[in-house]
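For reference, the chains in residue letters:
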Amino acid sequence: MKLSRIVWTLLLLLALAAAYLTLAPVPVNPVAWQATPFVGYAPPHARNEQLAHLQQLDIGSESGPEHLLLGPDGRLYAAVASGAILRMQEDGGQREVWVNTGGRVLGFAFDAQGNMIAADAYRGLLRITPDKQITVLCDQVDGTPVLYANSVVVAKNGKIYFSDASQRFGARQSGGTFHASVLDILEHSATGRVIEYDAQLNQARVVADQLSFANGVALSQDERSLFVVETGEYAVWQIALSAQQLHLKSNKDKCLAHRILRDLPGYPDNLMRGEHGRIWLGLAKPRGAAIDQMADRPWLRSLTLRLPRFLWPVPPAYGHVLAFDEQGKIVADLQDPRGSYPETTGVLETRDRLYVQSLHATSIGWMSKPQNLR
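Residues numbered from 1 in each chain as written. Predicted model: local features only at pLDDT ≥ 70, side-chain atom pairs only at ≥ 80, totals over all residues. Heavy atoms only, no water.

1. Some thoughts on the sheet that holds strand β27 (residues 363-368)
The condition is simple: Two strands form a pair only when DSSP identifies at least two bridges running between them. Secondary structure elements follow DSSP: runs of H or I of four or more residues count as helices, runs of E of two or more count as strands, with numbering from the N terminus. Throughout, an axis means a line fitted to C-alpha atoms (over the contacting stretch in the case of helices), and angles, computed between N-to-C directions, take values from 0 to 180 degrees.
The strand order across the open sheet built from four strands is β1-β27-β26-β25, with neighbouring strands paired in antiparallel fashion. For this open sheet the edge positions go to β1 (55-58) and β25 (344-349), each flanked by a neighbour on one side alone. Direction aside, neighbouring strands of the sheet carry axes that sit 30 degrees apart on average. One ladder, built from four bridges, connects β1 with β27; its direction is antiparallel. Across the sheet, Gln56 pairs through a bridge with Gly365, a residue of β27.

Structural data, given as structure tokens:
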């Protein structure tokens, strides 16, 4: 009799667990899509260890140097997780908190007047003057809020282009930038977009949408097109700036937009112009077979979110940055299979150094520029 009660109790627990895994509400409504099978680290992404011995710049108690740039004053600026923008010498000396936006800046650029134009994931598009005055330039477009401002560039004519990663999962509303990105990529509803903001007219318009987590942006050298990262589909797009609210998933005009890189070996993040026409790209995480295999199984992705977070299929750490030219040719590929410097989101290239950005690291990684890149 006692054994029978134990069996029935176990069966009841199993039934409750099954009901939870299939019926418990989750914040996503996953959409089916087709992922190209990952073929592994083959040329031009052959496995190597060229990123394995980065030197470190101390950033004190801060973390997550997501974006780095040399300012008009020749100093190194870094956006970190606390909302601060750090300023320091190129060797890390004289480090200070230059300003804190009260949000989370993920990308920034400088305009011709020396203002910092920042994509703040919590607040929208900001202008920060040299005397540290902060103004919100754009936090909505056509009546819809900017939920996740991500990356930004400023054209020579003063127009600003920035990515709004998701219209479904705001960074502030969804538990922070990383958690919101996981939800958006798992759902795969492709609501990311690229926005043009005209500061003179104080007007914003959507250049293109239907991106599965819109991320890094970089202008072409002739400033007629924009390179845009689509993290959720391992791709980089080239989009004509003349495009008007172009729906990328249904667009057939290759002159307006096309994928210049596809089937990348990891989750692409930030884009930054380097020297000699190079565009640097960071891969924050490697691709995982388990995630790709769930692409056409939306119900399985819902089930995943009902598991304890430590059981989520988050790929392991793997350091990886690369550079490509405007024709999509890979011209540099640097890796650290051990992932000793985690979540490599991008690269700032200077005359002598490569500074590596990170989503969660507690320092700034850097290395002397390899001879073949000088």
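2. What to know about empty space enclosed by the protein
To be explicit about the condition: The method works on a 1 Å grid over the protein atoms by themselves. A cavity is a set of points holding a 1.4 Å probe that cannot get out, a pocket is an open set with protein on both sides within 12 Å along at least five of seven lines, and residues with an atom within 4 Å of a point line them. Grid points are joined across faces, edges and corners, and a volume is the space filled by probe spheres set on the points. Residues are grouped as follows: Ala, Val, Leu, Ile, Met, Phe, Trp, Tyr, Cys and Pro are nonpolar; Asp, Glu, Lys and Arg are charged; every other residue, Gly included, is polar.
Scanning the entire structure with this criterion turns up two cavities of 30 Å³ or more. Taken as a whole, the largest cavity spans an internal volume of roughly 430 Å³. If you go around the largest cavity, you meet 25 residues; those closest to its centre are Phe178, Ser181, Val182, Ile185 and Tyr267. Mapped by element, the contributors of at least two residues to the lining of the largest cavity are α2 (177-187), β21 (266-273) and β22 (279-286). Class assignment of the residues belonging to the lining of the largest cavity gives a composition of 16 nonpolar, six polar and three charged. Split by residue class, the lining of the second largest cavity holds eight nonpolar, two polar and one charged.

3. As for α2
For clarity, the threshold we go by: Partly exposed residues are those whose accessible area sits between 20% and 50% of the maximum for their type, while under 20% is buried and over 50% is exposed, using a 1.4 Å probe and protein chains only. Throughout, a contact is declared for two residues whenever any of their heavy atoms are within 4.5 Å.
With nine of eleven residues buried, α2 is to be regarded as a mostly interior element. Buried within α2 are the following residues: Thr177, Ala180, Ser181, Val182, Leu183, Asp184, Ile185, Leu186 and Glu187. In the core, the buried residues of α2 are packed alongside β6 (105-110), β21 and α4 (298-305). Just downstream of α2 lies His188, where phi reads positive at about 65 degrees.

4. Quick look at the packing of aromatic side chains
Spelled out, the test is: Whether two aromatic rings pair depends on their centres lying within 6.5 Å, for rings of Phe, Tyr and Trp, where Trp uses its six-membered ring; planes under 30 degrees apart make the pair stacked, over 60 edge-to-face, and the rest tilted. Ring-over charges, as used throughout, are those where CZ of Arg or NZ of Lys falls within 6 Å of the ring centre and within 35 degrees of the ring normal.
Under the criterion given, the structure shown has nine aromatic pairs. Judged by centre distance (6.4 Å) and plane angle (50 degrees), the rings of Trp33 and Tyr234 are tilted. Separated by 201 residues along the polypeptide, Trp33 in the loop between α1 (2-23) and β1 and Tyr234 in the loop between β17 (225-230) and β18 (235-240) bring together distant segments of the chain. Taking the relative accessible area as the measure of exposure, Tyr234 reaches 2% and is therefore buried. Where Tyr41 meets Tyr318, the ring centres are 4.9 Å apart and the plane angle is 15 degrees; that geometry is what we call stacked. With Tyr41 in the loop between α1 and β1 and Tyr318 in the loop between α4 and β23 (319-324), the pair connects residues that are 277 residues apart, well separated along the chain. Tyr318 shares its class with Tyr41; the two are buried. In textbook terms, an aromatic cluster arises when at least three aromatic residues are bridged by ring pairs, as seen for Tyr77, Trp98, Phe108 and Phe110. Between the NZ or CZ atom of Arg287 and the centre of the ring of Tyr234, over which it lies, the distance is 3.9 Å. Sitting over the face of the ring of Trp366, Arg353 holds its NZ or CZ atom 3.6 Å from the ring centroid.

5. A look at the sheet that holds strand β14 (residues 192-198)
Taken together, the five strands give an open sheet; going across it, the order is β12-β13-β14-β15-β19, and neighbouring strands pair in mixed fashion. The sheet terminates laterally at β12 (149-154) and β19 (246-247), the two strands that pair on one side only. With five bridges connecting them, strand β13 (residues 160-164) and β14 associate as antiparallel partners. Of the residues in β14, the one forming a bridge with Asp164 is Arg193.

Everything listed here is a matter of geometry and, on its own, says nothing about what the molecule does.
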